[in-house]
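Here is what each chain is made of, one letter per residue.
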Amino acid sequence: MASSTLPLRDRAPSEASESVVPLRHYGRHAGGAVALVCLGGVLWSFGKNPNLDWPTIGAYLFKDLTLQGLWTTVWLTVVAMAIGLAGGVLVAVMRLSGNPVLRGVSSLYVWVFRGTPLLVQIIFWGFLGAFYKNTMIGIPFTHITFYSTPTSTLVDATTAALLALGLNEIAYASEIIRAGIQAVDRGQTEAAQALGMTPVLTMRRIVLPQAMRSIIPPLGNEVVTMLKSTALVSVIAGHDLLSNLQDVYAQNYKVIPLLVVASLWYLVLSSLLSLPQSWLERRFGGAR
Amino acid sequence: MSAVSSSSAVSEMSEMGEPMVVAEGVHKRYGSVEVLRGVDLTVRRGEVCCLLGPSGSGKSTFLRCVNRLERADGGSISVDGEPVGFRRRHGRRHELREKEVAAARRDIGMVFQRFNLFPHLTAAENIMEAPVRVKGVGRDEARQRAARLLDRVGLADKADSRPAQLSGGQQQRVAIARALAMDPKLMLFDEPTSALDPELVGEVLDVMRGLAEDGMTMIVVTHEIGFAREVADTTVFLDGGVVVESGPPAEVLTAPRQERTRAFLAKVL
């Protein structure tokens, strides 16, 4: 008690030379131990379960049917994302335009496609042939027809899957892009305009490159989400990874092992997708 | 006759050239607020015109009408004989397309209070952007020109710096160089030193002083009374959306005739 009444300068030298005992985080150690025990328990019960059937997993992991489905899943993801991006830019620009009709139409689009379940949209496109029996090109209000074909042959399961995923993605991508454009400071547009840049040039050279910073992280998430959403097209037999493996377990009833095969591949793909995203974030994130 | 029109004040200065900016009865309203209520102003070639006035007096709005960042609701502004935002044909005024407005802005440089440099480009790229993309100047030529302009504003060693790596004063000097790269015949300054730390104001004013000495036509919205007194040919005092008083700084700043000017100067000096 006596030392605390001493003037500060008198006790300073001794305190500086004292060693410090770091704070012990006993709570953290305990929490970590509990988590490890739980994880170990889950893995042990999972691994020792004979129904997991490792030989089946191994047999189907690189089977042609699996790899074909995997390929369909990959290109569905890529093409649906491309449709989503291109359409998303268009819808975002419409939504920000001075034309009230374009603004209204784009809002309606986003409202419909974000407001209904993707699964419903996939089934709708899958059964398009039941809604429009024939697809034809001709002159409206006349009987002149240049081309006509049954819708179900024109829009097969894979095309329907692509339409459903792509059109749905446009709605989400457009909102991400719109928010990114709006996040760019108004002064940037004014400075570009004051230099004599046209609206299109200003958007392309000044606004969009800066908007990329806030667009890329959520768009990367969209790609991973899309990868997993392609599994939904199994309801219309879209020949994707899950569809093909479902066909197999419908025959041999090895449901869980084949779902593990699918999950392993989805994990591999989504892990690979995170690599370009961090590169892009560095590329466009260096602005400030 | 409460206000002395600037054109009569400037006409006494015979060394000045023909009119560069002529504004007549400029009106602008935002909803129910009338920001400009008939601004008349003439700025001659080679003249430095400082706009003073309390905040909300319409100085910045007027400046932004000159290069049509704001669209005036009434009256007319012409720059170098060309009406801003319109084309006269068969006795009527036809509004210009955005592309045509953009083309007209090439010759009018503007410097903003918040600099508004492009953060994703380096200092040199900021300066090169408009000459290359708008005027079609070659990249090498534009790069050399950018280097000379950076040298002129005292930042020769900052060509490859991003705006975020520069101080406020340095950013504003790059912004001036960026505007000069388009070879403007008129420069608009919208409170160029208001966002700067006090010790950085001088370096920006020095660059502006140099521009004035080179004969650049300038309209400067500012609160720097000292700068106006020293550099301006004409000082214009705005209040309530109209020109209250204008004339050489020696008159307006030293012996103002209007009570409102006197009251404003008493507060800021």
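How each quantity is defined
Residues numbered from 1 in each chain as written. Chains lettered and ligands numbered in written order. Predicted model: local features only at pLDDT ≥ 70, side-chain atom pairs only at ≥ 80, totals over all residues. Heavy atoms only, no water. Helix = DSSP H or I, 4+ residues; strand = E, 2+ residues; numbered from the N terminus. Buried < 20%, exposed > 50% of the residue type's maximum accessible area, 1.4 Å probe, protein only. Polar contact = N/O pair within 3.5 Å; in protein donor to acceptor, adjacent residues only side chain to side chain. Contact = heavy atoms within 4.5 Å. Salt bridge = Lys/Arg side-chain N within 4 Å of Asp/Glu carboxyl O. Pairing = 2+ DSSP bridges. Axes fitted to C-alpha atoms, helices over the stretch in contact; angles between N-to-C directions. Buried area = accessible area lost by both parts, 1.4 Å probe. Nonpolar A, V, L, I, M, F, W, Y, C, P; charged D, E, K, R; others polar.

Caption draft 1: Region of the structure containing the side chain of Asn126 of chain B. All names here are of chain B. Position of Asn126 relative to the elements: it lies in helix H4 (residues 123-135). Overall, the relative accessible area of 0% leaves Asn126 in the buried class. One polar contact links the side chain of Asn126 to the main-chain carbonyl oxygen of Leu121, over a distance of 3.2 Å. In contact with Asn126, other than residues within four places in its own chain, are Leu117, Phe118, Leu121, Pro163 and Arg178.

Caption draft 2: Focus on the pattern of salt bridges. Residue and element names in this part refer to chain B. Counted according to the given criterion, the structure contains 24 salt bridges over all chains. Of the charged contacts in the structure, one is a salt bridge between Arg64 and Glu70, with a shortest N-O distance of 3.2 Å. Of the charged contacts, one joins Asp206 and Arg209 as a salt bridge, the two residues approaching to 2.6 Å between their closest N and O atoms. Taken together, the residues span about one helical turn, with Asp206 and Arg209 both in helix H7 (residues 201-213) at a distance of three residues. If you follow the salt bridges from partner to partner, you end up with Glu18, Arg45, Asp80, Asp107 and Lys185 in one network.

Caption draft 3: Expanded view of the sheet that holds strand E1 (residues 19-30) of chain B. All names here are of chain B. Ordered by their spatial adjacency, four strands build an open sheet running E2-E1-E4-E5, and the pairing between neighbours is antiparallel. This sheet does not close on itself; its edge strands, each paired only once, are strand E2 (33-44) and strand E5 (82-83). On the sheet, helix H2 (residues 59-66) packs against E1, E2 and strand E4 (74-79) and is oriented at approximately 60 degrees with respect to E2.

Caption draft 4: Structural context of the interface of chain B and chain A. Facing 25 residues of chain B, the contacting portion of chain A comprises 22 residues. Of the roughly 2000 Å² buried where chain B meets chain A, counting both sides, 61% is carbon and sulfur surface. Between Arg64 of chain B and Glu190 of chain A there is a salt bridge, with its nearest N and O atoms 2.6 Å apart. Joining chain B to chain A, the criterion identifies five residue pairs in polar contact (both at pLDDT 80 or more). Mapped by element, the contributors of at least two residues to the side of chain B that touches chain A are helix H3 (98-105), strand E8 (108-111), H4 and helix H6 (168-180) of chain B. In terms of residue class, the side of chain B that touches chain A is built from 13 nonpolar, three polar and nine charged.

Caption draft 5: Layout of the pairing of strand E11 (residues 234-239) of chain B. Residues and elements named next belong to chain B. For E11, a buried count of six out of six residues is recorded, marking the element as mostly surrounded by other parts of the structure. Because side chains alternate across E11, one face comprises the buried residues Thr234, Val236 and Leu238, and the other comprises Thr235, Phe237 and Asp239, equally buried. Relative to E11, strand E3 (residues 48-52) runs parallel, the two sharing four bridges. Residue Cys49 lies in a different strand from E11, and its bridge partner there is Thr234. Here E11 pairs with strand E12 (residues 242-247) via five bridges, running antiparallel. Paired with Phe237 across the bridge in E12 is Glu245. Taking the residues between adjacent antiparallel strands as the criterion, E11 and E12 are bridged by two residues, where Gly240 takes a positive phi near 60 degrees.

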